[in-house]
Every structure is written in structure tokens, then in C-alpha cells.
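# Fold and geometry: a report
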Amino acid sequence: MDGLKFLYKSAAGRVFLKALCAPALSKACGCFLDSPLSHFLIKSFVEKNNIDISEYHTDGIKTFNQFFRRKIKDGARPFDQDTNALCAPCDGLLSAWKISDDGGTVIPVKQSQYTIERLLQSKELGAQYNGGLCLVFRLCVDNYHRYAYADGGKKSANVFIPGRLHTVRPIALETLPVFVENAREYTTIESPVFGTLVQMEVGAMLVGRIVNFEQEAVVARGAEKGFFEYGGSTIILLVKKGAANVRDDIAANSAAGIETPVKMGQRVGSARAV
């Protein structure tokens, strides 16, 4: 039995899981990964995950977390220039789900269902997305862990929701409604093309920090929004009913329980014609 299966599928494992998912452990790990003592971890991390470091700025990196939040070189993640293109705000594995018309429930294949109201902890805001789309971008440790605004417009202040820090790997998603249990932060963006979007960052096991740069502001499409520190992480994009369609291949893959690899700035859908 591998480690995650032990933690999520056995009674003994769930005892350890409670401690591993606690924010205090994540904070302690983060302190170590912020220190120069963590630098020795970088080489093996790069080799194990086949990371092409030629894409990134790596000068002056002294700690593992500095490497993990490394910046990519200019031009490596261009946003699709068609303003009607719905673009990925990050690198990751994408699944797209329809939100139910009544109750706002998301029912992913082989994963625990949840409601948008519970996700946002807001009945009023959650109800606005009934019948819309829920796009889930699951970042793996080898992905680029900085992220951008999916579209431009006036953004609200960031809303932080405290919680635990489960892994976002499939074995946990099958067992628990991870996205409504984990610590997370979201903002709304008043897009001139897609209406009011919700863009949410979800922390994960050993991810103690979600770092967003701005509070209320007018933001540009594709501008850097923030970054995650160590671990797998997730970005969720909520789109109101009728505002957009996802690509046919993404819709078909999602219906079959298959995640689609995407890069930040890549078109994943389009504004729905009126």
C-alpha cells in the first residue's frame, strides 16, 4: 500500500492524516523550505520531475521555495490574443464541469461532489453560478506555480477561507470534498467579455502559503496574479451560465474522467455567442 492510499483508505492512516493536513505542519515545513538549509533539495527535485530549467530565471536562488516560485522567462507563456478566448490562468491538468441549475452542485467523475455555496461559503454569490461552469486546474509539483488573471477588469478584494490542507491528488478527491475543506482564497473579476468570474486558489498538503499580489484593483488579462509555494495546488475558475463554452476535447475528456494538460495562456474555451 503506497503512502497516500494508506492515509486516505485505511483507519490507521486517517489518524496520521489529521496531523499531516494541519496548517501548523505546513507552516513548519514552509519555514524550513524558506531557509538556505533547503537548497540541497533543488537538484534532486529537478531531476526527479524532469524540469527544464532553461525556461526559468534561476540566478540568485538560495532556498527551495525560491526555486519553487521561480519566474518563467518572458514570452514562454503567451496569452491567446483573441479577447473572446477563455484562457488557462495557470499550467495544470484541467477538468471542466457543469454546475447544476438548482442547488449549484458540481458532480465530477470519480470524485466527491460539492456545492458552489460551500466552496465560496456564500449562498448569495454561489447562487449566481447555478447552471454555469466550474473549471478545475490541478497543478502538479513539476508545473509552473505562478498564475495569472484569466481575464481583465475590476477585481474585488481577496477573500480567504481557512481550512485544512489535504493533497489534491485524485485519491483524496475520490474520498473527500477536498476543495470545500482546504484553505483557499478567491476574488471576483468583472470581465467585459465573460461577465463576473470567480478565480480561486486552493492550498494543498504542505502548501501553507497562497500569495496574491493585489487587493481591489483594475487588472489586466494575463497579468501575474500571484504564486503558490511548495506542493501540488489547484485553481478553480467559475463562469456564469451562458457566458462561455469549453473546448470540445476538454468537455469530452472531463466527461470520461480524464484531465487535459494545459499551459498558462492557452485557450481552453470561448465566449458563447449571443
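A brief structural summary. Quantities reported herein were computed from a predicted structural model and do not represent experimental measurements. (Residues numbered from 1 in each chain as written. Predicted model: local features only at pLDDT ≥ 70, side-chain atom pairs only at ≥ 80, totals over all residues. Heavy atoms only, no water.)

## A closer look at the nonpolar core
In this structure, L86, L94, L135, F137, V239 and V268 are the most contacted members of the largest nonpolar core, which totals 24 residues. When residues of this core are traced back to their parent elements, those giving at least two are strand 2 (92–98), strand 5 (133–139), strand 14 (233–239) and strand 15 (244–246). Counting residues per element, this core draws most heavily on strand 5, at four residues. Sequence-distant contacts of L135, defined by excluding residues within four places in its chain, comprise L86, L94, S95, A96, I235, I236, L237, V246 and V268. By size, the runner-up hydrophobic cluster in this structure holds 19 residues, among which are Y114, L125, I161 and Y186. (Core = buried A, V, L, I, M, F, W, Y, C linked by side-chain atoms within 4.5 Å. Buried < 20%, exposed > 50% of the residue type's maximum accessible area, 1.4 Å probe, protein only. Helix = DSSP H or I, 4+ residues; strand = E, 2+ residues; numbered from the N terminus. Contact = heavy atoms within 4.5 Å.)

## A short note on the pairing of strand 2
Of all seven residues in strand 2, six are buried, a share of seventy percent or more. Direction of pairing for strand 2 relative to strand 16 (residues 260–262): antiparallel, over a ladder of three bridges. Bridge pairing in strand 16 places L93 opposite P261. (Pairing = 2+ DSSP bridges.)

## Observations regarding the pattern of salt bridges
Counted by the stated rule, this structure contains 13 salt bridges. A salt bridge links K98 to D101; its shortest N-O distance comes to 3.3 Å. One network of salt bridges, with partners in common, ties together E55, R77 and D91. (Salt bridge = Lys/Arg side-chain N within 4 Å of Asp/Glu carboxyl O.)

## A look at the packing of aromatic side chains
Using the criterion set out here, one finds seven aromatic pairs in the structure. Aromatic side chains Y147 and F228 sit 5.1 Å apart centroid to centroid with 55° between the ring planes, which places their arrangement in the tilted category. On the criterion of sequence distance, the pair formed by Y147 in strand 6 (residues 146–148) and F228 in strand 13 (residues 224–228) is long-range, its members being 81 residues apart. Put simply, the rings of F45, F64, F67 and F68 touch in pairs and so form one group of aromatic residues. Sitting over the ring of Y56, R70 keeps its end group 4.3 Å from the ring centre. (Phe/Tyr/Trp six-rings, centres within 6.5 Å; stacked < 30°, edge-to-face > 60°. Lys NZ or Arg CZ within 6 Å of the ring centre and 35° of its normal.)

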